Amino acid sequence: MSIAGDLIRGHTDAIILARLLRGDSYGYEINKTISTISSGRFELKEATLYTAFKRLEESGCIASYWGDSGAGARRRYYTITAAGKDAYHRLMTEWLETKEIMDKLLRMEE
Amino acid sequence: MREQLIQYVNLLFAGAQGCEDIKQEILQNTLDRYDDLIAEGKVPEAAYRLAISGIGDISEILGTQRISHSVNAHIQEPETKEEQQKQKKLRATAIALYILCPIPLFLLSELGAATIGLCGLLLMVAIATALIIMSSKKENEEEKQEPSPMTPQQSLRKTIKNTINVAGLVIYLLLSFTTHAWYITWLVFPIEAAIWELTKAILDLKEATKHEN
């Protein structure tokens, strides 16, 4: 991966929350969307994804339930909570601030 | 290949307790990924490899228990260091007693009470020996706490150490009773300790060179 994967991975929680804001989803679907949006340049490992799910669930930002997929397999779906929405907005603000500062720091002209 | 993928994930979580839900979740998503890759036209072997590499380092998930273990280990460390310090102090006191034990004999002999002096000497030797036994008993307890079985090298070391200890004691008693030079025969013990340290160093060196190869 040529892009700064570590940098993006640092925002895994925000990325997951942003996905769930658009509707309930499950691990593989979220990861596939991440891959599609980044044109295949970025993808999370299952392990990273589940560590984040666990963390978010423990902090009350998301909740999970078991649902059935079309093929009859059981899937764990995740849904965002009110606290999760608050967390998303906070993380989004933080990111915009970070982005603004980074832009200024890395730009050549003052 | 799909069957092998299921087996792989099962193996990955083998021995992990209370992770059934996570396993189910990861298995389902890994299978989804595999099916997608096949649908994209990948050969089963490549799809299998890619699906597995997509799982990543599972120890992050199983890690919670292990992390708490290592935290405990860190907490216990200072204690064992204190223990070691205590053992060292016990041994040092014992050695000091061995060295000083002829003094009551010398002093009281001057006063014509050699028998009492001898009793004092023996008492000091007895205390010193008791201290050594106490310090090594603690060492054994520590070894018992360690659940991992001894490697062949470790058991070899233990055998050598025990042999040196017993040999030292036998030599000390033999020399002392034949020569009656109790005031000097205690030197057997420091010499014994030196021999053991030397043996340990040689063994360490041997193992180190073996590892390098």
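Structure first, text after, so check above.
Residues numbered from 1 in each chain as written. Chains lettered and ligands numbered in written order. Predicted model: local features only at pLDDT ≥ 70, side-chain atom pairs only at ≥ 80, totals over all residues.

Chemist: A description of the overall build of chain A should follow, citing residues and the corresponding values.
Modeler: For chain A, the count of helices and strands is five helices and three strands. Reading the helices (α) and strands (β) of chain A from amino to carboxyl end gives α-α-β-α-α-β-β-α. For chain A, the proportion of its 110 residues judged to be buried stands at 23%. Sequence-distant contacts, at least 24 apart, represent 53% of the contacts inside chain A between residues at least 6 apart. (Helix = DSSP H or I, 4+ residues; strand = E, 2+ residues; numbered from the N terminus. Buried ≥ 20, exposed ≤ 12 C-beta atoms within 10 Å, placed from the backbone. Contact = placed C-beta atoms within 7 Å.)

Chemist: A description of the interface of chain A and chain B should follow, citing residues and the corresponding values.
Modeler: A common measure of how large an interface is: the accessible area buried when the components associate. Facing the twelve residues of chain A at the interface are 16 residues of chain B. Elements supplying a minimum of two residues to the side of chain A that touches chain B: α3 (27–37), α4 (46–58) and β3 (74–80) of chain A. For the side of chain A that touches chain B, the residue count by class is four nonpolar, three polar and five charged. (Nonpolar A, V, L, I, M, F, W, Y, C, P; charged D, E, K, R; others polar.)

Chemist: Lay out the packing of helix α2 (residues 12–20) of chain A against α4(A) with the relevant residues and their values.
Modeler: Residues and elements named next belong to chain A. The N-to-C vectors of α2 and α4 enclose an angle of 75°; their axes lie 10 Å apart at closest approach. By the angle class used here, α2 and α4 are roughly perpendicular. Contact with α2, carried on its side by T12, D13 and I16, involves T48, A52 and L56 of α4 and no other residues of that element. Among the residues forming the contact of α2 with α4, the class breakdown is three nonpolar, two polar and one charged. (Axes fitted to C-alpha atoms, helices over the stretch in contact; angles between N-to-C directions. Parallel < 35°, antiparallel > 145°, perpendicular 65-115°, else oblique.)

Chemist: Describe helix α2 (residues 20–39) of chain B, naming the residues involved and giving the relevant values.
Modeler: Residue and element names in this part refer to chain B. With 20 residues, α2 should reach 28 Å at 1.5 Å per residue; the first-to-last C-alpha distance of 28 Å fits that figure. Considered for burial, the residues of α2 that qualify are I22, E25, I26, L27, Q28, N29, T30, D32, R33 and Y34. One or two residues past the end of α2 sits G41, with phi positive at roughly 100°. (Expected span 1.5 Å × (residues − 1).)

Chemist: Kindly report on the packing of α2(B) against helix α3 (residues 44–53) of chain B, identifying the contributing residues and their values.
Modeler: All names here are of chain B. Following both chains from N to C, one finds α2 and α3 inclined at 145°, their axes separated by 9 Å at the closest point. Handedness of the α2/α3 crossing: right-handed. Touching T30, R33, Y34, L37 and I38 of α2 are P44, A47, Y48, L50 and A51, all from α3. When grouped by side-chain class, the residues that make up the contact of α2 with α3 number eight nonpolar, one polar and one charged. (Left-handed = near helix turned anticlockwise from the far one by under 90°.)

Chemist: Talk me through the sheet that holds strand β1 (residues 25–26) of chain A; I want residue IDs and the actual numbers.
Modeler: Residues and elements named next belong to chain A. Here we have three strands laid out as an open sheet, ordered β1-β3-β2, and antiparallel in their pairing. Whereas interior strands pair on both sides, the edge strands pair on one side only; in this sheet they are β1 and β2 (62–68). Alignment of β1 against β3, held across two bridges, turns out to be antiparallel. When the bridges of β3 are listed, S25 appears paired with Y78. (Pairing = 2+ DSSP bridges.)

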